[in-house]
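Below are the chains, spelled out letter by letter.
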Amino acid sequence: MSLPIRLISTDFDGTLHAECENPPVPHDLQQLIGELQRQGAKWVINTGRDLSSLMEGIARARLSIRPDYVVVVEREIYLQDESQYLSCEPWNDGCRSAHAELFTRVRGDVPRLIDWVHKRFTATLYEDAWSPFCLIATSNEDADAIQTFLEAYSTEVQNLSVVRNDVYARFSHSGYNKGTALGEIARQLGIKREEVFAAGDHLNDVPMLCGEFAGCVMAPDNAIPAVKELIRTQNGYISHQPWGHGVARGLEHYLSSRPASKSR
């Protein structure tokens, strides 16, 4: 018999990890994931952070376990190899190439997008290594209005999407997100959708919580209403506990409610 869950995908900030908690990742969740890893399951941290920021966060949290994979900036995949994480090619090569081509088409429009935002809102706008247009709004209400404008613009540009988390937003290629990256990892491992567990709390987690790539989806109590509603539409699990405590309850729920499958 094999595990009912063979691939675990967790967002980092606000889902797995809570800066206000001590420890930031609950011990019982670490023990649960560690035991599943010992039985052959794989764990991926699926985050909007870049690789260096995630590695720092993991180190500061003093985790007793290590993810088998990490997805960073919501799209690039890295595989654990002893004490380091190696870039997964050709996925990452294709991802970077697709974004370079897309952003070449977008860059000429950025000045007018910046002008539109600055005339209406107080916000921080900048370019970084992952997007020619990045936003930090002063409130979620402002971010909602700016997101609406940016999404209307994105309909004019093939393959352009807006990635949003709280007051932060940036452009990305619609073919590369937390969901498609998770799907690629599952494909490489030969793991079925029904054997994939995904946990998240905010809008940038929607692609991995939409049901296409994970059959077991959940949200902790601190998740935003839109994410909870998405989970409800799939008869997923919403915990009454926040952060990693909720993720632990979600894993326990699916492990107890789904029978183990026959070994292949």
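For the structure itself, look to the data block above.
The structure presented is a predicted model; accordingly, all values stated were derived computationally and were not measured. (Residues numbered from 1 in each chain as written. Predicted model: local features only at pLDDT ≥ 70, side-chain atom pairs only at ≥ 80, totals over all residues. Heavy atoms only, no water.)

### Topic: the overall build of the protein
And step 1. Looking only at helices and strands, the protein has nine helices and 12 strands in total.
And step 2. Against the compact-globule benchmark of 18 Å for 264 residues, the protein has a radius of gyration of 18 Å, which places it among compact chains.
And step 3. Projected onto its principal axes, the C-alpha coordinates of the protein cover approximately 60 × 40 × 35 Å.
And step 4. Relative to its 264 residues, the protein shows a buried fraction of 53%.
And step 5. Across the protein, every contact between residues at least 6 apart in sequence was considered, and the portion connecting residues at least 24 apart equals 58%.
And step 6. In the structure as shown, the protein presents an accessible area of about 12100 Å², 50% of it carried by carbon and sulfur atoms. (Helix = DSSP H or I, 4+ residues; strand = E, 2+ residues; numbered from the N terminus. Rg over C-alpha atoms; globule rule 2.2 N^0.38 Å. Buried < 20%, exposed > 50% of the residue type's maximum accessible area, 1.4 Å probe, protein only. Contact = heavy atoms within 4.5 Å. Areas by Shrake-Rupley, 256 points an atom, 1.4 Å probe, with all protein chains shown as cover.)

### Topic: the nonpolar core
As a rule of thumb, nonpolar side chains are buried together in soluble globular proteins.
And step 1. In this structure, Leu16, Leu29, Trp43, Ile45, Phe197 and Leu251 are the most contacted members of the largest nonpolar core, which totals 31 residues.
And step 2. Among the elements of the structure, helix H1 (27–38), strand E2 (42–46), helix H2 (51–61), strand E3 (69–72), strand E10 (196–199), strand E11 (216–219) and helix H9 (243–257) are those that each provide at least two residues to this core.
And step 3. With residues up to four places along the chain from it excluded, the contact list for leucine 251 reads Ile5, Ile8, Leu29, Leu32, Ile33, Leu36 and Phe197.
And step 4. By size, the runner-up hydrophobic cluster in this structure holds 27 residues, among which are Tyr69, Cys95, Ile185 and Ala214. (Core = buried A, V, L, I, M, F, W, Y, C linked by side-chain atoms within 4.5 Å.)

### A word on the pattern of salt bridges
And step 1. Counted under the stated rule, the structure contains 21 salt bridges.
And step 2. The closest approach of N and O atoms between aspartate 109 and arginine 112, which form a salt bridge, is 3.8 Å.
And step 3. Residue aspartate 109 is classed as partly exposed on the basis of its relative accessible area, which comes to 23%.
And step 4. Take arginine 112: its relative accessible area is 45%, and that puts it in the partly exposed class. (Salt bridge = Lys/Arg side-chain N within 4 Å of Asp/Glu carboxyl O.)

### A word on H2
Residues spaced three or four apart along an α-helix face the same direction, because each turn holds 3.6 residues.
And step 1. Within H2, burial applies to Leu54, Gly57, Ile58 and Ala61. Seen end-on, H2 carries its buried residues on one side only, within an arc spanning 100°. Counted as exposed and oriented over 90 degrees from the buried face of H2: Ser52 and Arg60.
And step 2. The elements touched by buried residues of H2 are E2 and E3.
And step 3. Immediately downstream of H2, the backbone of arginine 62 shows phi near 50°, a positive value. (Arc of directions from axis to C-beta.)

### Observations concerning the packing of aromatic side chains
We describe a pair of aromatic rings using the distance from one ring centre to the other and the angle between the two ring planes.
And step 1. Summed over all chains, the structure comprises six aromatic pairs.
And step 2. Here a set of aromatic residues connected by ring pairs shows up, and it is made of Trp116, Phe121 and Phe149. (Phe/Tyr/Trp six-rings, centres within 6.5 Å; stacked < 30°, edge-to-face > 60°.)

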